[in-house]
Amino acid sequence: MKTKSYKLYAAAVNPDTLRVAMNTPYARVCGRYALVYKPGRCPAGYKLVTEPTLSILSDDDRKWVNEINTEILEDFTIEHQESVRKGVMVFAERFESALKTQREEMEAEKNGK
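J.: Looking at this model, I keep getting lost on the overall build of the protein. Mind explaining?
T.: In terms of helices and strands, the protein carries three helices and four strands. Each helix (α) and strand (β) of the protein, taken in turn from the N terminus, gives the series β-α-β-β-β-α-α. Relative to its length of 113 residues, the protein is extended, with a C-alpha radius of gyration of 22 Å against a globular reference of 13 Å. Projected onto its principal axes, the C-alpha coordinates of the protein cover approximately 75 × 35 × 20 Å. Within the protein, the proportion of its 113 residues that are buried is 21%. Summarising the internal contacts of the protein: among those between residues at least 6 apart in sequence, 65% fall at separations of at least 24. Just so you have it, the protein exposes about 8900 Å², and 54% of that area is on carbon and sulfur atoms.

Here it is, written out as structure tokens:
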């Protein structure tokens, strides 16, 4: 199972960047800028939104990104349901084992005092 790494790109709105946004499944066009959220290469005319440039995002932009991430995660979970289920089971077994070990250590410490 190959996972995709999505990145957020921003550009000033013009006919070219608007065309890119219209052809990208996860896109948001605001008054003065367009955002696209996609895996792969940076589209022509766009720039990667990095930590220092996050300040350009409005609260609504941040909410949109969170909603898109949720949608992508839901789609991935449905598409890879069996491997996700197996991964959860492995995690649960390891967690249970770690809790058992911790409980035994705490009991031994309690009885040793």
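J.: Teacher, can you tell me more about the sheet that holds strand β1 (residues 6-12) here?
T.: Picture the strands of a sheet paired through backbone hydrogen bonds; they go either parallel or antiparallel. The four strands are arranged β2-β3-β1-β4 in an open sheet whose pairing can be described as antiparallel. Only two strands of the sheet have a single partner each, and these edge strands are β2 (27-29) and β4 (47-48). Where β2 meets strand β3 (residues 33-39), three bridges bridge the pair, whose relative direction is antiparallel. Residue pairing across strands places R28 opposite L35, the latter belonging to β3. Helix α1 (residues 15-22) contacts β1, β2 and β3 of the sheet and is inclined by roughly 140° relative to β2. Lying on the sheet, helix α2 (residues 59-79) is in contact with β1, β2 and β3; it crosses β3 at an angle near 20°.

J.: Please clarify how α2 should be interpreted in this entry.
T.: In an α-helix, one turn spans 3.6 residues; hence positions three or four apart end up facing the same way. Compared with the 30 Å implied by 1.5 Å per residue over 21 residues, the 30 Å span of α2 between its first and last C-alpha is a close match. Close packing links the buried residues of α2 with β1, β2 and β3.

Cut-offs and rules
- Residues numbered from 1 in each chain as written.
- Predicted model: local features only at pLDDT ≥ 70, side-chain atom pairs only at ≥ 80, totals over all residues.
- Heavy atoms only, no water.
- Helix = DSSP H or I, 4+ residues; strand = E, 2+ residues; numbered from the N terminus.
- Rg over C-alpha atoms; globule rule 2.2 N^0.38 Å.
- Buried < 20%, exposed > 50% of the residue type's maximum accessible area, 1.4 Å probe, protein only.
- Contact = heavy atoms within 4.5 Å.
- Areas by Shrake-Rupley, 256 points an atom, 1.4 Å probe, with all protein chains shown as cover.
- Pairing = 2+ DSSP bridges.
- Axes fitted to C-alpha atoms, helices over the stretch in contact; angles between N-to-C directions.
- Expected span 1.5 Å × (residues − 1).

Read these as layout, nothing more, since geometry by itself doesn't imply function.
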